[in-house]
Amino acid sequence: MLEPAGSNQSAQMRCVRMDKKKHCVKLSVQPSRALMDEKFIVLVQNAPPGFQMTIHSLHHSEDGHSWEAFGHYTADATGTVNVSQDHSVGGTYSGVEPMGLLWSLRPVPGSKPHLRFRKMNVQTPMEVTISVYQGHQTVFVDQVQLASVLVERWYMAPGVRRIPVTESNLTATLFLPPGPGPFPGVLDLWGGGGQLVEYRSALLASHGFASLALDYLTPKITLKTGKMVENDYFETAYKFLQQHPQVSGSRIAMMGLSFGTTMTLKMAVYSEVMKLSCAVCISGSHIQPVNATVEEIFIMFDTKSEKTRISEENEVIWHDVVLPVPTDPGMKADVGRLQCPLLLIVGEDDQNWAAPESAQDIKEMMEQAGNSHLLTLLSYANTGHLIEPPYTPHTRASRFKPVGSNELLVVLWGGETVAHSRAQEDAWRKTLAFLRENLYSRKNSAVTFTSHL
Amino acid sequence: MPYTDPPILSVYPSRALVDEAFKVLVENLPPGCPVTVHSLHLSEDDNYWEAYGHYISDHRGSVSVSEDVSFGGTYTGKEPMGLLWSLRPVPGSRQGLRLRKMNVCTPMLVNISVHCGHLVEAFRDQTPLASVLTERWYMAPGVKRIDIRERGMRGTLFIPPGPGPFPGLLDLWGGGGGLLEHRAALLASHGFVSLALEYLTSGEIPTARLDYNYFEKAFNIIQDHPLVTPDRVGIFGLSLGSFVTFNLAAKSTIINPRCCVCISGFHCHPYRSMGEMIQTNLNKLHVDENNYQIWRDMSLPIPSDISKKVDMGKIKCPLLLVCGHDDQSYPAVELAEDIAQMVHAAGKDHLLTKVFYHGTGHMIEPPYSPHFRATTFMAKTKPKVILLWGGQTKPHSDAQEDSWKKILAFLQHHLYSTPNPRAKM
């Protein structure tokens, strides 16, 4: 018998009895500590052949909520389930989904609605408990696991340095890769929710880019003076990177999501100070009054509320606010003047921003201007607005308070979970390759070696 | 080099258990470029250890340590993990140093860097082209560490994450004494509740007069733990720890280990203390050209008188013996063969598995740990002695890697699975 000595009768048999043989199911996850964008292999061994099981993931977020995902599996003739190779026949994901236990995480039953997963403290890992249960379960509250392990998912690779930046009235955090450098730099902008969001920059630094996460809507200077920043704030951030002893001043990119795209295009096209090596624009548009201040542009989006739609579930849809795409060139960033490569990433089910429509117009403008060879457009079907680094839960709608508003609304971002999660994985890989190509491997005519193929 | 593109160095995974392999990759170099890939570690006792390999980038400007050949350095050839197992104290360090992690709750940090050209020295005076940090952990996430100070015991218990119950292991080190936790922590990371037991204080002269009651009580502590399956507890010993294990396996009427792993063990010790052993065999105590002591011959010839040995024919559980042919402190292979004879005479061949490795010394540790051919021993009560453990670095490191796989498979088979008579180890 396998009852632990001294335990009472209600202690569960952790080992499964079948045909008088006892099987102690063994669960392993490799690697047990990984970066947020790295894959893992979840392996169950030593189960009875044909054994039905549920593999479950559980995460307690920083803001006190519980998230879970699960897949239903059947052990093969050797008593093994390999999540990277085998089919889930049910659960929060189905089919062969190596990372389904992460991207299909959703708030546990009974949670508040409209939650969004966001790790704000990037210095600690996201901890996920992976467990195996007997049978195909859907409710886990009173169940006892057969086995469970803990997995750490990190935004910061070992040796990445996190440096708060407050000089020159900037509110930012610099993430430096380990090593002597100098490193190419990335200026990293989020969207209309403001705040200082660090996780993408932390991850970029883990991939060899000195990345500056910049708060440009709610920086200390704005909170103090009540005034929004202007172009020179971004230029100051750029110069900070450029002059940093561990940054290659001539290899700096800018990346923005949502309203961050608006700012990125503004700077990439019009700034005399910023000489960007490339730009990445996610879920945004080029629609903005030219020669306007940041504040004027921001307010422009805010006031067009008559184009706001409300879904049947009372979710706010801001997709139409910037439409139709203007024909007046004074109302769009003149992307025909861009001199650096541009990676545009849009979700075709974006309910928050008319990103696909803008992307089409950007493409046409660049074709007409003759610089469309600089454009790479990634357009993903059934993908929503929040295209983030991979393997975190997809949020179709969540509570959101745009800067300057007191109202906490439920905003519809869009996207269907499976397609959106695949899009995140693909877009991130291509983003890193794009940054590497333009920041690490530029062909330089001064170099005497033959360029690599 | 302002006009060349910066190289990209990566180690995957960047955080791993100490027995997991990694891939070190350098990209974005010019093609055909000579580089040195270097590893550097600052130990807990403030000594620098380093290793390095000389490579040449391919036509794509890449160097893959897992796939490419090192042309020189502290290792040569295709050696994915050479940057760890060939670590050695930097020039100018004291003699007889040993690399041991005492605090297993934090990772071993290793700096991996790439330098231009084929360097052989003064690495820390040169700025590398790139460098990254990698963490090597003894404890998997969720493993719990608990100090055990009860019933007169001094040890540390490591518990795997999960609901259990788990098989258990009593982990015994050798005559150097002290409380060494790293192997028990690693075993817990592989699903075994493991108790690292201190039975000699560090520097205390090992005596053969060990109180076996102490070990039996420690074994019971593991069995009594609510997360342990009491009939699936084994013993893992090295050196003197193996001697203890042989005694318990053959003679104890109180405990019944499910299986035993014994590394570099000896089953004959008809002396009251190490001191007496040395005194009795002084003529057989040799030193090498560095004045390192070679104890090996003091244990030869192996007595045929069974009263001077542990009667290994009396073992009741599967036993895995791991030894090195180049063990200079004990004639481990000859001793293992003697054990095999006794086991055979008792008709218990099916219980014994022997694994011997050429070019391998006494200190067979978990994989990728640097090999020490000789280290200080018994530092406290005598003038410092440096003992020759033996082994040549490359075969010894291969043996550490291979034996660990076999050990884990052996433990998995005997402590986790129900042995299937058709299945072979």
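The model shown is predicted, which means the values in this text are computed figures rather than measured ones. (Residues numbered from 1 in each chain as written. Chains lettered and ligands numbered in written order. Predicted model: local features only at pLDDT ≥ 70, side-chain atom pairs only at ≥ 80, totals over all residues. Heavy atoms only, no water.)

## As for the interface of chain B and chain A
Our working rule: Contact between two residues is taken to exist if any of their heavy atoms lie within 4.5 Å; hydrogens are not considered. The term buried area means the drop in 1.4 Å probe accessible area that two parts suffer when joined, counted for both and summed. The salt bridge criterion pairs a side-chain nitrogen of Lys or Arg with a carboxyl oxygen of Asp or Glu, the two atoms within 4 Å. Under this definition, polar contacts are N or O atom pairs within 3.5 Å; protein pairs additionally need one hydrogen-donor-capable and one acceptor-capable atom, and for neighbouring residues in sequence, both atoms have to be side-chain atoms. Comment: elements are numbered from the N terminus, with helices defined as DSSP H or I runs of at least four residues and strands as E runs of at least two.
The interface of chain B with chain A comprises 51 residues on the first partner and 44 residues on the second. Summed over both partners, the interface of chain B with chain A buries about 3800 Å², with 56% contributed by carbon and sulfur atoms. When the buried area of chain B at its contact with chain A is split by residue, R15, P141 and P163 of chain B rank highest and sum to 19% of it. There are two salt bridges connecting chain B and chain A. In this structure, the salt-bridge partner of E27 of chain B is R436 of chain A, at a minimum N-O distance of 3.1 Å. Between the two partners, chain B and chain A, sit seven residue pairs in polar contact (both at pLDDT 80 or more). For the side of chain B that touches chain A, the elements supplying multiple residues, two or more each, are β1 (8-12), β2 (15-17), β9 (130-137), α3 (212-224), β14 (228-238) and α7 (393-416) of chain B.

## Here's the deal with the sheet that holds strand β7 (residues 88-89) of chain B
All names here are of chain B. In plain terms, the rule: Any two strands with at least two DSSP-identified bridges between them are counted as paired.
Strand order in the open sheet formed by six strands is β2-β9-β8-β4-β5-β7, with mixed pairing between adjacent strands. Of all the strands in the sheet, just β2 and β7 have a single pairing partner and so form its edges. Where strand β5 (residues 48-56) and β7 come together, two bridges link them in antiparallel fashion. Bridging across to β7, E50 finds its partner in R88.

## Observations concerning empty space enclosed by the protein
Test applied: Method remark: on a 1 Å grid restricted to protein atoms, a set of points is classed as a cavity if a 1.4 Å probe fits but cannot get out and as a pocket if it is open with protein on both sides within 12 Å along at least five of seven lines; lining residues have an atom within 4 Å of a point. Grid points are joined across faces, edges and corners, and a volume is the space filled by probe spheres set on the points. Residues are grouped as follows: Ala, Val, Leu, Ile, Met, Phe, Trp, Tyr, Cys and Pro are nonpolar; Asp, Glu, Lys and Arg are charged; every other residue, Gly included, is polar.
Applying the stated criterion to the full structure yields seven cavities of 30 Å³ or more. Approximately 230 Å³ is the volume found for the largest cavity. Forming the boundary of the largest cavity are 19 residues, of which L99, M108, Y138, S369 and P370 of chain B lie nearest the centre. Grouping the amino acids of the lining of the largest cavity by side-chain chemistry returns 10 nonpolar, four polar and five charged. What the second largest cavity holds in volume is close to 100 Å³. Surrounding the second largest cavity, 13 residues form its lining, F117, E388, T392, P393 and T395 of chain A being those nearest its centre. A breakdown of the residues in the lining of the second largest cavity according to their chemical character gives five nonpolar, five polar and three charged.

## Things to note about the nonpolar core
Nonpolar side chains in soluble globular proteins tend to end up buried together. Rule in force here: Definition of nonpolar core: a set of buried residues of the types Ala, Val, Leu, Ile, Met, Phe, Trp, Tyr and Cys, connected through side-chain atoms within 4.5 Å. Burial classes: relative accessible area under 20% of the type maximum marks a residue as buried, over 50% as exposed, and values in between as partly exposed (1.4 Å probe, protein chains only).
One finds M53, I55, I130, L214, Y216, F234 and L342 of chain A to be the most contacted residues of the largest nonpolar core, which totals 131 residues. In terms of residue count, the dominant contributor to this core is helix α8 (residues 417-439) of chain A (seven residues). Ignoring sequence-local partners within four residues, the contact set of M53 of chain A consists of V44, A47, G71, H72, Y73, A75, V81, V132, Y133, Q134, G135 and H136 of chain A. The next biggest cluster of nonpolar side chains, apart from the first, holds 104 residues, and it includes F243, C262, M277 and Y357 of chain B.

## Some points on helix α7 (residues 355-369) of chain A
All names here are of chain A. As a reminder of what qualifies: To estimate the expected span of a helix, subtract one from its residue number and multiply by 1.5 Å.
For α7, built from 15 residues, the straight-helix expectation of 21 Å at 1.5 Å per residue is met to within 8% by its first-to-last C-alpha distance of 21 Å. Listing the buried residues of α7 in full gives A355, P356, S358, A359, D361, I362, M365 and M366. Check the buried side of α7 and you find it contacts α5 (259-270), β20 (342-347) and β21 (375-380). G370, located one to two residues past α7, shows a positive phi value of around 85°.

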